[in-house]
Amino acid sequence: MEVAAFYIFAAITIVASLLVVGQRNPMYSVMLLITSFGGLAGLYILLDAPFTAVTQIIIYAGAIMVLFLFVVMLLNVPREEPLPAAAAQLIGPTGLKIGVVLSVLIAAQLVWALMQIGTRSFTAPPTDISDVGNIGRALFTDHAFAFEVTSVLILVAMVGAIVLARKEH
Amino acid sequence: MSSWIPSAPLIAHFGLIFVIFNLLVLSAAFMVWMERKVCAYIQDRVGPNRVGAAGWLQPFADVLKLLTKEELRPKAADALLFVIAPVISAGAAFAAFSVVPFGTETTLFGLLDEPIPLQITDVNVAVLVVFAITSMGIYGIVLAGWSSNSKYSLLGGLRSAAQMISYELSYGLALAAVIMLAGSLSLREIVLNQEGYWLGFIPRWYVFLQPLGFFIYMCAGVAETNRAPFDFPEAEQELVAGYHTEYSSMSFAMFFLAEYVNMVTVSAVATNLYLGGWLGPILPDWLGWIWFLVKVFLLLFFYVWMRWTLPRYRYDQLMEFGWKYLLPLAVLNLLVTAALVVWLG
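Predicted, not measured: the structure shown is a model, and the values here were computed from it.

Rules and cut-offs
- Residues numbered from 1 in each chain as written.
- Chains lettered and ligands numbered in written order.
- Predicted model: local features only at pLDDT ≥ 70, side-chain atom pairs only at ≥ 80, totals over all residues.
- Helix = DSSP H or I, 4+ residues; strand = E, 2+ residues; numbered from the N terminus.
- Contact = placed C-beta atoms within 7 Å.
- Rg over C-alpha atoms; globule rule 2.2 N^0.38 Å.
- Buried ≥ 20, exposed ≤ 12 C-beta atoms within 10 Å, placed from the backbone.
- Nonpolar A, V, L, I, M, F, W, Y, C, P; charged D, E, K, R; others polar.
- Domains from an automatic or database assignment.
- Expected span 1.5 Å × (residues − 1).
- Axes fitted to C-alpha atoms, helices over the stretch in contact; angles between N-to-C directions.
- Parallel < 35°, antiparallel > 145°, perpendicular 65-115°, else oblique.
- pLDDT = per-residue confidence, 0-100.
- Left-handed = near helix turned anticlockwise from the far one by under 90°.

## Here's the deal with the overall build of chain A
The helix and strand inventory of chain A stands at six helices and zero strands. Traced from its N-terminal end to its C-terminal end, chain A shows the element sequence α-α-α-α-α-α. When contacts within chain A are restricted to residue pairs at least 6 apart in sequence, those whose partners lie at least 24 apart make up 56%.

Encoded structure:
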């Protein structure tokens, strides 16, 4: 049962992620990305981390993707426009080569990582890791510095966005 | 235990899901009838009174009418998204109710060996699940607005998205204050924390500890369900019918259904969070769900009452109210609650 659920969620995640870049309609890409986040949330639940799963939905699928959707809707480009000839030439052959090299590197890394799995033994994380209280305690004690730095980072981004938006005045 | 006959708890569970699903559909039908009746009396009319006694069969007649209507789709609409948008809307509306408890545990008069709770599933992050699924419901409306390829629909969809994002913040902060009081994210535990009385007669409901939070929750709830006075996505004087302008027949009915089921869910969650859920005097424990229904009904009546009493705000007033008044109030409420919880233990 759990194994079947794992394969279903994994298939949803992977197929949806591939289609995000595989098809050309930006609106569909956004929806497919949400679908893949949903699949990921399912995987988190299978890993006994319901809190992570729900935050994944609320923050990524809910909040961030709505903003994506907003931008796509406001720009309203139903289809990707073909690149102007000059730009296409510029990124053409060289860009393609770099892309091939990068994807080969990533593939090699993935294969290496997957081969490592068999040789190492894992210790299961403590079972109370998914408890919301424990997550909160860990955030505000062990990881307090990272937590505060992140909030400053978000504040900087917010101030930056407002400054950029007010530039015309 | 490898028999082909499913176990009794499993049958009971599927039965519960079936019953809840159908009750939600019926409650939507009831809400349509109640809304038309209450609206009629507020406007000094009689309302539907032809189909069935006092017109109570009217919603079913409406559904039959919608079923037999032609399903239209604009030629320039995005076929796939146009079709799935109402499905997302209705699906999210029903899914949110799956974690809402509405009664104590029961053995169904001894039919079951172990008691099952009157709730589809009790997850320990239930409040967040409701929050997450409601935020998914936005996509149905936004996609409907975009895929219809109509200006009115697009504007309705955009407004709806902006409105829901704005009010979701206050909504979440109001929830957080209750979570702090209860020390739990499970709706069942939050309800059980409200058991008992102060001074012997005031029920220990969170509405008395969180009057401001309750107010914020109700305001944000109205905005989240796109009801008057915050029904901008479908402001008919400006936008025809907003995001569902181009929809007809059953796909229109699904948006309609989603709106009413969302109202029921928001009221049911409010009942659990602030009004002590199924707890109440007089009735024995196993009849607690009657208290639950009464409370939810009163909240729903309040929603209908408000819709036919208050005029619609202007769009900029809505945004101003959400960001400049409701959000600071929600933050203040959260901070004061946190301080009191720490101070009084």
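## Looking at the overall build of chain B
Counting its regular elements, chain B contains twelve helices and four strands. By the compact-globule yardstick of 20 Å for 345 residues, chain B fits well, its C-alpha radius of gyration being 21 Å. The C-alpha extent of chain B, read off along each of the three principal axes, is 60 × 55 × 45 Å. Within chain B, buried positions represent 46% of all 345 residues. Restricting to contacts in chain B with at least 6 residues of sequence separation, those with at least 24 account for 76%.

## Observations concerning the interface of chain B and chain A
Contact with chain B, which involves 17 residues of that partner, is made by 13 residues of chain A. For the side of chain B that touches chain A, the secondary-structure elements that each account for two or more residues are helix H4 (126–147) and helix H5 (151–182) of chain B. Counting residues per element, the side of chain B that touches chain A draws most heavily on H4 of chain B, at nine residues. Looking at the side of chain B that touches chain A, its residues break down into 15 nonpolar, two polar and no charged.

## Some remarks on the domain arrangement of chain A
According to the domain assignment, chain A contains domain 1 (1–79) and domain 2 (131–169). The C-alpha-based centres of domain 1 of chain A and domain 2 of chain A are spaced at 24 Å.

## Section: helix H10 (residues 249–274) of chain B
Residue and element names in this part refer to chain B. For H10, spanning 26 residues, the distance from its first C-alpha to its last is 38 Å, which sits close to the expected 38 Å at 1.5 Å a residue. Most of H10 sits inside the fold, with 23 of its 26 residues counted as buried. Phi for glycine 276, located one or two positions after H10, is positive at around 75°.

## Some points on the packing of H4 of chain B against H5 of chain B
Residue and element names in this part refer to chain B. Interhelical geometry of H4 versus H5 gives an angle of 175° and a closest axis separation of 8 Å. Considering the angle they form, H4 stands roughly antiparallel to H5. Facing Val127, Phe131, Ser135, Ile138, Ile141, Val142, Ala144, Gly145 and Trp146 of H4, the residues of H5 in contact are Ser153, Leu154, Gly156, Gly157, Leu158, Ser160, Ala161, Met164, Glu168, Gly172, Leu175 and Ile179.

## A short note on the confidence of the model for chain B
Mean pLDDT over chain B stands at 81; residues scoring 70 or higher make up 93%. No element of chain B has a lower mean pLDDT than helix H9 (residues 236–239) of chain B, at 66, and none a higher one than helix H12 (residues 315–344) of chain B, at 87.

## Some remarks on helix H1 (residues 8–42) of chain B
All names here are of chain B. Across its 35 residues, H1 extends 49 Å between first and last C-alpha, which sits within 8% of the 51 Å expected from 1.5 Å per residue. By the burial criterion, the buried members of H1 are Ser27, Ala28, Met31, Val32, Trp33, Glu35 and Lys37. The inward-facing, buried residues of H1 abut helix H2 (58–67), H10 and helix H11 (288–307).

## Side note on unusual backbone geometry
Residues other than glycine predominantly adopt negative phi, and peptide bonds predominantly adopt the trans conformation. All names here are of chain B. At aspartate 44, a position not held by glycine, the phi torsion is positive, near 60°. Among the structural elements, aspartate 44 can be located in the loop between H1 and H2. In this structure aspartate 44 comes out as exposed when scored by C-beta crowding, with 6 C-beta atoms within 10 Å.

## Notes on the packing of H5 of chain B against H12 of chain B
All names here are of chain B. For the pair H5 and H12, interaxial distance at closest approach is 9 Å and the crossing angle is 15°. The orientation of H5 relative to H12 falls into the category roughly parallel. Crossing of H5 against H12: the hand is left-handed. The residue inventory of the contact of H5 with H12, partitioned by class, reads 19 nonpolar, six polar and one charged.

## Structural notes on the environment of aspartate 62 of chain B
Its location among the elements puts aspartate 62 of chain B in helix H2. Residues aspartate 62 of chain B and proline 74 of chain B lie twelve residues apart in sequence; the distance between their C-alpha atoms is 23 Å.

## Quick look at the environment of arginine 227 of chain B
Residue and element names in this part refer to chain B. Along the polypeptide, arginine 227 turns up in the loop between helix H8 (211–224) and H9. For arginine 227, a count of 18 C-beta atoms within 10 Å puts it in the partly exposed group. Each C-alpha atom, one on arginine 227 and one on phenylalanine 30, is 17 Å from the other, the two residues being 197 residues apart in sequence. Excluding residues within four positions of it along the chain, arginine 227 makes contact with Val222, Met263, Tyr303 and Arg307.

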